[in-house]
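Here is what each chain is made of, one letter per residue.
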Amino acid sequence: MLRGPDVRLRLITVLLIATLLLIVGQLVRLQVLGHAQHHTETEALVHRQYALPEPPWGIILDRNGNLLVGNLPVYNVGAEVNLVTDTVMSAMTLAPLLNRPAKDLQEVLTPPITDAGTSVWRPLANEVSEETAAKIRELGWFWITLTPTWQRFYAEGALASHTLGFVNKEGLGYGLQAFQLRFLRGNNLSQTGPVSVQSSPLADEVVAKDILPYPGTDLRLTLDRTIQAYIEGELDIALQEYGASGGTILVLNPRTGEILAIASRPNYEPYRYPDHAAAGEEALFLDPAASVPYEPGSVFKVLTLAAALDSGRATTDWSYYDNGKLEYGGIKVYNASRGAYGQQNLFGIISESLNVGASVLSTQVMGAEVFYQYLRAFGFGQTTGIEVVGESSGLVHLPSDWNWSDSYLATNAFGQGIAVTPLQLAAAVSAIANDGVMMQPHIIAERRHSDGRSVAVLPKPISQPISAETAHAVAEIMAQSVDKKSDSLEIPGYRLAGKSGTAQIPTTGGYEPDSVIASFIGFAPWPDPQVLILVKIDRPDGIPLAQRWGEYTAVPVFRRVMERVVVLMGVPPNETLTRQ
Amino acid sequence: MSVIWQQRTHGIQRRKQQSAMLLARLFVVAIIIATTMAAAYLALVAANVHAASRVWTMEQTLSEMYRQNHALWIEIARASSIPVLQERSVQLGYQPAHSVDFLQIGEP
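Residues numbered from 1 in each chain as written. Chains lettered and ligands numbered in written order. Predicted model: local features only at pLDDT ≥ 70, side-chain atom pairs only at ≥ 80, totals over all residues. Heavy atoms only, no water.

A.B. asks: Account for the overall build of chain A, with residues named and values stated.
C.D. replies: When its secondary structure is counted, chain A shows 20 helices and 22 strands. A globule of 580 residues ought to have a C-alpha radius of gyration of about 25 Å, yet chain A, at 35 Å, is considerably larger. Its C-alpha atoms give chain A principal-axis dimensions of roughly 145 × 55 × 55 Å. Within chain A, the fraction of its 580 residues that count as buried is 51%. Relative to all contacts within chain A whose residues are 6 or more apart in sequence, the contacts with residues 24 or more apart total 73%. On chain A, roughly 26200 Å² of surface is accessible, and the fraction owed to carbon and sulfur atoms is 54%. Computed over 42 positive and 58 negative side-chain charges, the inter-centroid distance for chain A is 5 Å. (Helix = DSSP H or I, 4+ residues; strand = E, 2+ residues; numbered from the N terminus. Rg over C-alpha atoms; globule rule 2.2 N^0.38 Å. Buried < 20%, exposed > 50% of the residue type's maximum accessible area, 1.4 Å probe, protein only. Contact = heavy atoms within 4.5 Å. Areas by Shrake-Rupley, 256 points an atom, 1.4 Å probe, with all protein chains shown as cover. Lys, Arg positive; Asp, Glu negative; His and termini not counted. Charge placed at Lys NZ, Arg CZ, Asp CG, Glu CD.)

A.B. asks: Hey, could you go over the layout of surface pockets for me, with residue numbers and the actual values?
C.D. replies: One simple way to see leftover space: roll a probe sized like a water molecule over the atoms. All names here are of chain A. By volume, the largest pocket amounts to about 1100 Å³. Forming the walls of the largest pocket are 46 residues, and the residues nearest its centre are A336, N355, T502, Q504 and W549. Listing elements by their share of the lining of the largest pocket, those giving two or more residues are β14 (331-334), α14 (346-351), α17 (407-412), β20 (497-507), β21 (510-524) and α20 (550-568). With seven residues, the single largest contributor to the lining of the largest pocket is β20. Taken together, the residues of the lining of the largest pocket break down into 18 nonpolar, 17 polar and eleven charged. (1 Å grid on protein atoms, 1.4 Å probe; cavity = no way out; pocket = protein on both sides within 12 Å on 5 of 7 lines; lining within 4 Å. Points joined across faces, edges and corners; volume = space filled by probe spheres on them. Nonpolar A, V, L, I, M, F, W, Y, C, P; charged D, E, K, R; others polar.)

A.B. asks: Lay out helix α19 (residues 468-484) of chain A with the relevant residues and their values.
C.D. replies: Taking 1.5 Å per residue as the helical rise, α19 of chain A with its 17 residues ought to reach 24 Å, and the 24 Å between its terminal C-alpha atoms agrees with that figure. Where the residues of α19 of chain A are buried, they touch α13 (301-310), α14, α18 (422-433), β20 and β21 of chain A. (Expected span 1.5 Å × (residues − 1).)

A.B. asks: So what's going on with a nonpolar patch on the surface? Which residues, and what values?
C.D. replies: Together, L20, V24, V28, V32 and L33 of chain A make up a nonpolar patch on the protein surface, roughly 480 Å² of accessible area in all. The partly exposed category is assigned to V28 of chain A, whose relative accessible area is 38%. (Patch = residues over 30% accessible without salt bridge, like charges linked within 9 Å, V, L, I, M, F, W, Y side chains within 5 Å. Salt bridge = Lys/Arg side-chain N within 4 Å of Asp/Glu carboxyl O.)

A.B. asks: Which residues make up the nonpolar core, and what values go with them?
C.D. replies: The nonpolar side chains of a soluble globular protein tend to be buried, and buried together. Residues and elements named next belong to chain A. Membership of the largest hydrophobic core comes to 97 residues, with the highest contact counts inside it found for L303, L361, F380, L425 and F523. At nine residues, the largest contribution of residues to this core is made by α18. Residues in contact with L425, not counting those within four places in the same chain, are Y294, P296, V299, F300, L303, F380, V420, I521 and L534. Listed in part, the 34 residues of the second largest apolar core include I227, L260, A261 and V555. (Core = buried A, V, L, I, M, F, W, Y, C linked by side-chain atoms within 4.5 Å.)

A.B. asks: Tell me about the domain arrangement of chain A, residues and numbers included.
C.D. replies: All names here are of chain A. Domain boundaries assigned for chain A yield domain 1 (50-81 + 89-95 + 102-111 + 121-221) and domain 2 (225-279 + 289-570). Opposite the 35 residues of domain 1 that make contact, domain 2 presents 27 residues. Counting the surface lost from both domain 1 and domain 2, the interface buries some 2700 Å², and carbon and sulfur atoms represent 61% of this. Summed over the shared surface of domain 1 and domain 2, the number is three salt bridges. When the shortest N-O distance is used, the salt bridge between E258 and R63 registers 3.6 Å. Seen at the junction of domain 1 and domain 2, the total is twelve residue pairs in polar contact (both at pLDDT 80 or more). Within the residue set of the side of domain 1 that touches domain 2, elements represented by two or more residues are α6 (161-164), β6 (166-167), β7 (173-174), α7 (175-179) and β9 (218-221). (Domains from an automatic or database assignment. Buried area = accessible area lost by both parts, 1.4 Å probe. Polar contact = N/O pair within 3.5 Å; in protein donor to acceptor, adjacent residues only side chain to side chain.)

A.B. asks: Explain the sheet that holds strand β11 (residues 259-265) of chain A to me, and be specific about the residues and the numbers.
C.D. replies: All names here are of chain A. The strand order across the open sheet formed by five strands is β11-β10-β22-β21-β20, and the pairing between neighbours is antiparallel. Two strands bound the open sheet, and with one partner strand each, they are β11 and β20. Sheet twist, expressed as the average angle between the axes of neighbouring strands with direction ignored, equals 10°. Contacts from helix α10 (residues 225-242) reach β10 (246-252), β11 and β22 (531-538), with the element oriented near 30° to β11. In this fold α19 packs onto β20 and β21, with an angle of close to 90° to the strand it touches most, β20. (Pairing = 2+ DSSP bridges. Axes fitted to C-alpha atoms, helices over the stretch in contact; angles between N-to-C directions.)

A.B. asks: How would you explain the pairing of β22 of chain A if you had to name every residue and give the values?
C.D. replies: Residue and element names in this part refer to chain A. β22 sits mainly inside the fold: eight of its eight residues count as buried. Every second residue of β22 is oriented toward a common face, with V531, I533, V535 and I537 on one face and L532, L534, K536 and D538 on the other, all of them buried. Sheet analysis places β10 next to β22, joined by seven bridges and oriented antiparallel. Across the sheet, L252 pairs through a bridge with L532, a residue of β22.

A.B. asks: Describe the pattern of salt bridges, listing the residues and the values that go with them.
C.D. replies: Taken as a whole and judged by the stated rule, the model has 20 salt bridges over all chains. Three or more residues joined by partner-sharing salt bridges are found here, namely R220, E446 and R448 of chain A.

A.B. asks: Please set out the packing of α13 of chain A against α19 of chain A residue by residue, giving values where relevant.
C.D. replies: All names here are of chain A. It is the contact of α13 with α19, at a shortest axis distance of 9 Å, that shows an interaxial angle of 140°. With respect to α19, the axis of α13 lies oblique. Remark: the crossing between α13 and α19 carries right-handed chirality. Between α13 and α19, the contacting residues are V302, L305, A306, L309 and D310 on the first element and T470, A473, V474, I477 and M478 on the second. (Parallel < 35°, antiparallel > 145°, perpendicular 65-115°, else oblique. Left-handed = near helix turned anticlockwise from the far one by under 90°.)

A.B. asks: Please set out the packing of aromatic side chains residue by residue, giving values where relevant.
C.D. replies: Residue and element names in this part refer to chain A. In this structure the tally under the stated criterion is 16 aromatic pairs over all chains. Summarising the aromatic geometry, the rings of F166 and Y174 are spaced 5.8 Å apart at their centres and angled 45° between planes, so their arrangement reads as tilted. On the numbers, 4.9 Å between centres and 70° between planes, the contact of Y268 with F285 is edge-to-face. A residue pair is termed long-range when its members are at least 10 positions apart, and Y268 in the loop between β11 and α11 (273-278) and F285 in the loop between α11 and α12 (288-291) qualify at 17 residues. Residues Y268 and F285 agree in their burial class; the two are buried. What links up through ring pairs into an aromatic cluster is the set F166, Y174, Y268, Y273 and F285. Over the ring of Y75 we find R137; its NZ or CZ atom is 5.2 Å from the centre of that ring. (Phe/Tyr/Trp six-rings, centres within 6.5 Å; stacked < 30°, edge-to-face > 60°. Lys NZ or Arg CZ within 6 Å of the ring centre and 35° of its normal.)

A.B. asks: Explain α13 of chain A to me, using residue names and the numbers behind them.
C.D. replies: Residues and elements named next belong to chain A. Within α13, nine of the ten residues are buried, which leaves the element mostly enclosed by the surrounding structure. Along α13, the positions that sit buried rather than exposed are K301, V302, L303, T304, L305, A306, A307, A308 and L309. Buried residues belonging to α13 abut α14, α15 (355-366), α16 (368-377), α18, α19 and β20. Looking one or two places after α13, you find G312, whose phi comes out positive at around 80°.

A.B. asks: Help me get a handle on the interface of chain A and chain B, residues and values and all.
C.D. replies: Of the residues lining the interface, 42 residues belong to chain A; the matching set on chain B comes to 29 residues. Both sides of the chain A and chain B interface together cover about 3000 Å² of buried area, and 68% of this is carbon and sulfur. In this structure, the connection of chain A to chain B is made through zero salt bridges. Between the two partners, chain A and chain B, sit five residue pairs in polar contact (both at pLDDT 80 or more). Contributions of two or more residues to the side of chain A that touches chain B are made by β1 (47-51), β3 (67-80), β5 (144-154), α9 (203-208), α10 and α20 of chain A. Here the element with the most residues in the side of chain A that touches chain B is β3 of chain A; it accounts for six residues.

A.B. asks: If you had to explain the environment of P544 of chain A to someone new, which residues and values would you point to?
C.D. replies: Summarising the element assignment, P544 of chain A is placed in the loop between β22 and α20. Distance in space between the C-alpha atoms of P544 of chain A and A314 of chain A is 39 Å, their sequence separation being 230 residues.

A.B. asks: Tell me about the environment of E232 of chain A, residues and numbers included.
C.D. replies: All names here are of chain A. Mapped onto the elements, E232 comes out in helix α10. Along the primary structure E232 and K536 are separated by 304 residues, whereas in three dimensions their C-alpha atoms are 13 Å apart. Discounting residues that sit within four places of it in the chain, E232 has contacts with A158, L159, A160, A263 and R265. Polar side-chain contacts of E232 include one of 2.7 Å to the side chain of Q228.

In structure tokens, the structure reads:
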């Protein structure tokens, strides 16, 4: 029996201290000695990866703000299959919604025996629409997961498919979208940390870590969808009319280098790229305008002429005697008509499209060094820097190359034995239209960042291969040449300058006997050109051989397109109208 | 008879009693300060949690608004695509212009 208050007081004190020591001891055991173990257990329990829904990619607009490529909100559907109670009924219900056979779904929804009791998640369908997602939500099945995501949406279908391109799940692709992927793709941040039962991060996480995703950069292009749709329609009509296998129409502003429209056939539907790939049609993805070089033929003569004039080796009064044949480098060059034209000048070389005259300029007037120096200055053998993936630099043989032949100097002068892309050719000829200055061809007009900043892509001169005087002289010759063909190339009120070409198609050991590539390149209204158009028709084999020339195939298409484009662009006529 | 009463009645020094009282007051003040600080801390944490929750909700709302915005973009694009506009133009009686004349106005 305890006696006296002091003893009882001491006893209580001792008990309290003992209790306190016990608590402290437990705290030390749990928080110090067992820290690592408990920390791991807690992390496993509440630490999860979390993120906000994937941000949208940048959209692509035409020059007037019309949507070309957007983002369709869709969902990926998955299931925690270990929580499914009735797989048969669930599969039957989901089958029509997910457009999958019920048998397949039943198989997917059945959890593997080895994993019984553990959490197993499986994907059921990708990119289902908002409407389907709403129907799935109505089912109220807690084991179904709907993950918000996006699907690229091509507002005008296959319009400008080569230019716009696509990007697959691995981030690989073609066209503008693949080239601008780092801008277009937003940044989706995910973090790992403690989350609540609703899988929302705890307060400290939200405060300490930034996971706000930012959308991709929007791109406004220089393309005009109306002009684009028009030239695609004209190209389709032309291919059908001439039984051609393909073709390209390119419209650009030579003053700024802005590409207003660019269309090629055969093309593809960018939203169906997996189907094309599965069918082995990957070749369709390459943009013929920028990635597939061809021998340009006689349209190249205007550049030979420009080089000869600008180098000072020839003047506007220069002339030669055309006997219909030139032997050089072990080959014989003939005019296309196989005829001899007698005394000819620079205008004759363009208007009559004389191969011999062009070869005389390159071989006897300029020589290889001067000629190829100009070809280099015009950008041949180099990429233009257009914003698409896989641009080709073409093929230019130089005297220093191991496979050089002297004959190249003669044939290159009229566009044979040299391979260029339509874009390279258009960029080079645009120098003639733009006072000798070559502008950087481009298709992006503006980048609009998600933070509100906007960066305009300004016209950029890249070089001046020829002087303004030379450019004017060559353009005037081209215009006079077109004036001479007033029947087929008249657009009332607009003076045109241009040159047609009919190029043979190289094959192993020579050229295809009957197939050609017909083309025409020209600009208007001369002397203040606002539009440059290149028309190229590949293998117009559906018409008689004698009618496959550029003059009969590409020229009518060029005239129709130019006639409409000047109106669409609001370019007023520069000549007094004679039409009543 | 209590111990305190005994201490008082048996002449325990008054100075010792005063220091005990001071200690007790200090203890009470310390507890009040600690409680106030704890309350302030808890209020801060609560405000932090509330703000974080709002931030998270707003971030989710922003994501949802992105989705709605893009859905609207697509709706507008569908309604104003070239085939739709062509069809509507034809319905309204428009026809393709085959010849365009510019009215030339001389300088005043």
